[in-house]
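Overview (structure and organization)
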Amino acid sequence: MKKFFLLRNHAVDTSASPEEILKYRAMVILEMEKMGASPQEIQLLRTETILNSIRNKRKPEDVAWAILQ
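Residues numbered from 1 in each chain as written. Predicted model: local features only at pLDDT ≥ 70, side-chain atom pairs only at ≥ 80, totals over all residues. Heavy atoms only, no water.

Thoughts on the environment of Leu22
To be explicit about the condition: Secondary structure elements are taken from DSSP: a helix is a run of H or I of four residues or more, a strand is a run of E of two residues or more, and numbering for both begins at the N terminus.
Note that Leu22 resides in helix α2 (residues 18–34). Residues Leu22 and Thr47, spaced 25 residues apart in sequence, show a C-alpha to C-alpha distance of 9.5 Å.

Take a look at the structure:
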């Protein structure tokens with residue numbers, strides 16, 4: 001089973017350009033600010049969250065809402 005997940009993880013494309021990451025982060029922060037996020041809440045946004053969201057084609061609005069919940 002462990003071997004299955006190791007092989008599966010290597011098949012996932014995790015490459016996102018630094019420009020993509022910065023653009024997506026800015027969009028999520030903008031949405032968080034629209035929802036009334038405090039600076040402490042905005043600090044909860046991590047690079048891993050951005051990468052997973054880009055990979056899974058999540059909308060920035062949905063990511064912002066999930067972080068604020």
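Topic: the packing of α2 against helix α5 (residues 60–68)
Threshold: Under this scheme, a helix contributes an axis fitted over its contacting stretch, all axes are lines through C-alpha atoms, and angles between N-to-C directions fall in the 0 to 180 degree range. By definition in this entry, angles of less than 35 degrees are roughly parallel, angles greater than 145 are roughly antiparallel, angles of 65 to 115 are roughly perpendicular, and the rest are oblique. Helix crossings fall into two classes, left-handed where the near helix is turned counterclockwise from the far one by less than a right angle and right-handed where it is turned clockwise. Residue contacts follow a heavy-atom distance rule, with two residues in contact if any of their heavy atoms lie within 4.5 Å. Three categories are distinguished: nonpolar for Ala, Val, Leu, Ile, Met, Phe, Trp, Tyr, Cys and Pro, charged for Asp, Glu, Lys and Arg, and polar for the others, with Gly belonging to the last.
Running from N to C, α2 and α5 point in directions that differ by 60 degrees, and their axes come no closer than 8 Å. Accordingly, the angle class assigned to the pair α2 and α5 is oblique. Pair α2 / α5 crosses with right-handed handedness. For the pair formed by α2 and α5, the contact residues are Tyr24, Met27, Val28, Glu31 and Met32 on the first element and Pro60, Glu61, Val63, Ala64, Ile67 and Leu68 on the second. For the contact of α2 with α5, a count of residues per class yields nine nonpolar, no polar and two charged.

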